[in-house]
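Examining the three-dimensional arrangement
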Amino acid sequence: GCQGAIGTTVNLYPQTFKKVRELFAAGKMEEAGHYQSVINHRVEVMVNAGIFPAVKYLFLKKGIDCGKCRKPFAALTEQGMEDLDRLYLEGFGEE
């Protein structure tokens, strides 16, 4: 079994990922599935906006300036930023 996790989105929502793991280990599959669905939604929004620029943008919203992506990554579009702003408001407090 694993003892930890490394991932771009894990860094943004560590408590939610930890909760899934704990619930899974406790055999609480329905609850774990709920939190996994929350994660899946968040990741889908970020992927649609452009995963690496999206992660940097969300970290900036949290007060951590990671700079911007350089080429070949495209800058976020206005729509992408709007979608990420909604995502931020939906639950950066984690569950």
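Our subject is the structure that appears above.
So, a few notes on the structure that sits alongside this text. Residue numbers here run from 1 along each chain, matching the order of that chain's written sequence. For a predicted model such as this one, the threshold for reporting local features is a pLDDT of at least 70, and the threshold for listing and counting side-chain atom pairs is 80 or more; totals across whole chains, interfaces and linings nevertheless cover every residue. To obtain the side-chain values, all non-hydrogen atoms of the structure were included, while hydrogens and water were left out.

1. Observations concerning the overall build of the chain
The condition is simple: Each helix is a run of H or I in the DSSP string that is no shorter than four residues. Each strand is a run of E no shorter than two, and both are numbered from the N terminus. Think of it in three bands: with a 1.4 Å probe and only protein chains considered, a residue is buried below 20% of the maximum accessible area for its type, exposed above 50%, and partly exposed in between. We call two residues in contact whenever any of their non-hydrogen atoms come within 4.5 Å of each other. All accessible areas in this document rest on Shrake-Rupley with a 1.4 Å probe, and a residue is counted as covered only by the protein chains that are shown. When charges are counted, Lys and Arg contribute as positive and Asp and Glu as negative, whereas His and the chain ends are disregarded. For this purpose, a charge sits on NZ of Lys, CZ of Arg, CG of Asp or CD of Glu.
Along its length, the chain carries four helices and zero strands. For the chain, the N- to C-terminal ordering of α and β elements is α-α-α-α. By principal-axis analysis of the C-alpha atoms, the chain measures approximately 45 × 25 × 20 Å. Residue burial in the chain is summarised as follows: out of 95 residues, 28% are buried. Look at the contacts in the chain between residues 6 or more apart in sequence, and 61% of them connect residues 24 or more apart. By element, 55% of the accessible surface of the chain is carried by carbon and sulfur atoms, the whole surface being about 6,500 Å². For the chain, the centre of its 12 positive side-chain charges and the centre of its 12 negative side-chain charges are spaced 8 Å apart.

2. Remarks on the packing of helix α1 (residues 14-25) against helix α2 (residues 29-49)
As a reminder, the rule being used: To obtain an axis, a line is fitted to C-alpha atoms, over the contacting stretch when the element is a helix, and the angle between two such axes runs from 0 to 180 degrees between their N-to-C directions. Here roughly perpendicular refers to angles of 65 to 115 degrees, roughly parallel to angles under 35, roughly antiparallel to angles over 145, and oblique to all remaining angles. Left-handed describes a crossing whose near helix is turned anticlockwise from the far helix through less than a right angle; right-handed describes the clockwise counterpart. Polar here means any residue outside two lists: the nonpolar Ala, Val, Leu, Ile, Met, Phe, Trp, Tyr, Cys and Pro, and the charged Asp, Glu, Lys and Arg; Gly therefore counts as polar.
At a closest axis distance of 8 Å, the pairing of α1 and α2 adopts a crossing angle of 155°. Accordingly, the angle class assigned to the pair α1 and α2 is roughly antiparallel. The way α1 lies across α2 gives a crossing that is left-handed. Along the contact surface, α1 presents T16, F17, K19, V20, L23 and F24, while α2 presents M29, E31, A32, Y35, Q36, I39 and R42. When its residues are assigned to classes, the contact of α1 with α2 shows eight nonpolar, two polar and three charged.

Coordinates in, geometry out; function isn't part of it.
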